[in-house]
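A closer look at the structure
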Amino acid sequence: MTSRSSSSKGLVRDGVRRSLWAVVLSTLTFFMSMLLPSLMEMQHALENRRDMITSGALSFDVEQNWQWSLSSVADRLGGENVLVKIAVFVLAVVVGTVMFAYLHDRRKVDFYHSLPVSREKLYAVNYATGAVCVLVPYLVMRALTMVCAHAMGFGAALGLKTLLGVIVSDMIFFLLLFAMSALATIVCGNTIIALLLQLWVFFAPVTVQMLREGLLSLFCKTYGGDMSTVFNNLRLSPAVQYFTVSGTKYSSGMADEFQLAGQSALGLLLVYAAAAAFFIVLGMFAFRVRKSERAGTALAFRGLCLPVKVFMCLVMGLVSALGFHLIGGEFWMWPGLVFGVIIFHAIVEIIYAFDFRALVKHPVQLLVILAAAAAIMVGAQNDVLGFDRWLPDESKVTGVKLDSDRYDMSSAEPLNEAGNIEAACRLAQLGRETTLDPSLGDTTLYQSHLLTFYMKNGSVQRRRYTMKDDAEVDGLLSSMYGSSEYKAKTRALFRVDIDDCSSVSLRVTTNQLSENTDNSRLFTNTEKSREIIETLRKECLTYTELSAPVMMLYIESDAATNTYGWAFVTERDVQTLALIRKYIGVEPTSIDPENISELQLDFYVGGEVNGWVGVKVTDRNDIAALLKDAISESEMEIYSDSTAQYGLTDRGDNNVRVYAARKAGSEAYALNDLTYPKDAFPTETVEKYRAAAEKLAQDPTSNAVTLDGDTMVTRTSLG
């Protein structure tokens, strides 16, 4: 007959009594991270609302401020509260370590393992005790927080479904992190070593991923990744991935390049739930086979000593090499590699033996690890894995993205149409040939594009290619930019939800540079604004040819939805232009030469100069010629979109940039970048000044040269 004290429930109950410190710590931690910040946020919102009402603020402003307050409170109550995530992580480590720390004391091990309880039951009781000590205070504090929220009028800030998702997510992450912490503690024979191993287990996957990105960026010419690539591959590091999840969705606060913001995280949570079960079972197995006499040693399992040391030394040696390279340059990479491997090998040996004299032990292992680290570095230098040589198999590509230096479509959906996939694969072929060409020379003479390929096997391949500005590349880019799919998925015009807005207004800006710096017209008629937007949406999808913008529309909505966006109206959008003319009375305009005091031409000069030199253009005939088809990038805000998407270029075939300075009384001020339709770039007028620019480039001390015998061209000093 089993007594109550030896049953599982009785043992857990006794364990909780002995671990009241954990209950108190958990309660205090969740009070400080969950309830107290929520109360502060709600009280501040109520006071702010009261002050706005008593001060006579407009009801529109009061409502807008209240919507923002509800959003902030929802973040505190829900899965965006970083403080709660930190609390869950810290408590998982604390209870995971403390509940099994007795394994590191030989006297305690002899006592506990002499009890008439199986190893499996003892492990389960310890794990269940730790979970109860944390999760019960968590649930109680969640309930108190929501009761306070409803009492203070913020019950609508977080729905029941969302709240349940947050609770389930927090519990899954806690159980997984707790199980990993417990396993690390069981594997070790010393508490300090267990904590150090946990740091490695939780954060080594991120370190390895960052190391991979560092090696690729250093040695691969087509590397197109960034930190978003690292944080898109965090599944092996749940301690870090936890901070990218909000309930059952990925955090809405994630940057667009993470490509996951707002998407469902249910799949990830299911994987982590399975991983938690796996680590619980693995911990139970390790607990059962662990030898009691290993208490007090660094690692309780001798067979793990060598592989753990090799892995740590390789990673830290390569990290040290990259660090030395970053600080001191390429020469210091190899000394950094040797230094990192030797130092970390010595540290691990000292930890294993608890003896400083052990730092010189196992020299043969050290040499083998050094050789392996050097082989990895040489392999990375020579791209043995073929990162640069990789080309997509069109039949295995499900989607693509095309980013230029001036436009990032990472937040948009991939392009899935066969024509866009075919064009992207061909661009990759051409780009690889150019990028890997040893005679490439100065990359400012080419254009750069980042291509992202989504493969059928679920992998994502990103490559940045430097491409020639030739007819084939231009045609492929134009076919993608002009496709209706690209427009619908990338342009802000299609992301503006005007249907749910009580009011919609348009601000129309035309292509004009004058002394009046606000060259725009505000139109507030909601129904007619909607008609203009809907007409532009339909019309721009009817043609594939790239067309130059003649107007910029800034779209604003009511404060409740806080919706805004922008759109360009091109010369091909005839119906839209007619509506704007009819309703707003605005016509397309061009830059008036009379409003321009002078122009600046910046020429790229190769050879020994290998740089840019600028000259002033003051001749009125040349100014008129240069302004004939020009579009002001700053006035029309084209810099917020890619000029290539509209068939524009801000430089000629021979690399020259054109800037205009508007008149302000008798003084010139404010340089404005000019762009042109590619087939209308004023090459003939520009080339008249190239010889003068080259002369000035050859003589840095000269400020002026004679052009065509009697025209003086001066070096520019405009900034």
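Residues numbered from 1 in each chain as written. Predicted model: local features only at pLDDT ≥ 70, side-chain atom pairs only at ≥ 80, totals over all residues. Heavy atoms only, no water.

**What to know about empty space enclosed by the protein**
Where empty space is left in the structure can be found by rolling a water-sized probe over the atoms. Following the criterion strictly, the structure yields four cavities of 30 Å³ or more and no others. A volume near 70 Å³ is recorded for the largest cavity. Elements with a minimum of two residues in the lining of the largest cavity: α18 (526-540) and β9 (564-570). Counting residues per element, the lining of the largest cavity draws most heavily on β9, at three residues. Across the lining of the largest cavity, the residue classes break down as eight nonpolar, no polar and three charged. (1 Å grid on protein atoms, 1.4 Å probe; cavity = no way out; pocket = protein on both sides within 12 Å on 5 of 7 lines; lining within 4 Å. Points joined across faces, edges and corners; volume = space filled by probe spheres on them. Helix = DSSP H or I, 4+ residues; strand = E, 2+ residues; numbered from the N terminus. Nonpolar A, V, L, I, M, F, W, Y, C, P; charged D, E, K, R; others polar.)

**Some remarks on helix α19 (residues 574-583)**
Listed as buried for α19 are T576, L577, L579, I580 and Y583. Relative to the axis of α19, the buried residues are bounded by an arc of 160° and lie together on one face. Across from the buried face of α19, at angles greater than 90 degrees, the exposed residues are V574, Q575 and K582. Where α19 is buried, its residues touch β7 (520-523), α18, β8 (549-557) and β9. Note on α19: the residue one or two positions beyond its end, G585, has a positive phi of about 75°. (Buried < 20%, exposed > 50% of the residue type's maximum accessible area, 1.4 Å probe, protein only. Arc of directions from axis to C-beta. Contact = heavy atoms within 4.5 Å.)

**With respect to the layout of surface pockets**
Considered as a void within the structure, the second largest pocket measures approximately 670 Å³ in volume. If you go around the second largest pocket, you meet 26 residues; those closest to its centre are M180, L183, V201, F279 and L282. Of all elements in the fold, only α7 (160-187), α8 (191-219), α11 (266-289) and α12 (305-328) reach the threshold of two or more residues within the lining of the second largest pocket. Sorting elements by how many residues they give to the lining of the second largest pocket places α11 first, with seven residues. Looking at the lining of the second largest pocket residue by residue, the classes come out as 25 nonpolar, no polar and one charged.

**Quick look at the packing of helix α6 (residues 119-151) against α11**
Two numbers describe how α6 lies on α11: the axes approach to 9 Å, and their chain directions differ by 130°. It follows that α6 is oblique to α11 by the angle criterion. Read as a crossing pair, α6 and α11 show a hand that is right-handed. Only F279, I280, G283, M284, F287 and R288 of α11 make contact with α6, whose side of the interface consists of R119, E120, L122, Y123, A124 and Y127. Its residues assigned to classes, the contact of α6 with α11 shows eight nonpolar, one polar and three charged. (Axes fitted to C-alpha atoms, helices over the stretch in contact; angles between N-to-C directions. Parallel < 35°, antiparallel > 145°, perpendicular 65-115°, else oblique. Left-handed = near helix turned anticlockwise from the far one by under 90°.)

**Considering the sheet that holds β8**
Judged by pairing direction, the sheet is antiparallel, and its four strands sit side by side in the order β7-β6-β8-β9 without closing on themselves. The open sheet is flanked by β7 and β9, the only strands paired with a single partner. Adjacent strand axes in the sheet meet at a mean angle of 20° when their direction is disregarded. As judged from the seven bridges shared by strand β6 (residues 504-510) and β8, these two strands associate in the antiparallel manner. In the sheet register, S505 faces β8, and the bridge partner there is E556. Docked against the sheet, α18 engages β6, β7, β8 and β9, running at close to 60° with respect to β6. (Pairing = 2+ DSSP bridges.)

**Regarding the packing of α12 against helix α14 (residues 363-381)**
Where α12 contacts α14, the two axes come as close as 10 Å, and the packing angle between them is 45°. Regarding the angle of α12 to α14, the classification is oblique. The two elements α12 and α14 meet at a crossing, and its hand is right-handed. Between α12 and α14, the contacting residues are L306, K309, V310, C313, L314, L318 and A321 on the first element and Q365, I369, A372, A373, I376 and M377 on the second. Of the residues contributing to the contact of α12 with α14, the split by class is 11 nonpolar, one polar and one charged.

**As for unusual backbone geometry**
Residues other than glycine seldom take positive phi values, yet F354 does so here, at roughly 50°. Relative to the helices and strands, F354 is located in the loop between α13 (333-353) and α14. Its relative accessible area of 46% is what places F354 among the partly exposed residues. Positive phi outside glycine occurs at H362, with the angle close to 55°. Counting through the fold element by element, H362 comes out in the loop between α13 and α14.

**Brief notes about the side chain of T145**
By the secondary structure assignment, T145 is in helix α6. In this structure T145 comes out as buried when scored by relative accessible area, which is 2%. Looking at T145, its side chain comes within polar contact range of the main-chain oxygen of M141, at 2.7 Å. Dropping the residues within four chain positions of it, T145 is found in contact with M34, L35, S38 and L77. (Polar contact = N/O pair within 3.5 Å; in protein donor to acceptor, adjacent residues only side chain to side chain.)

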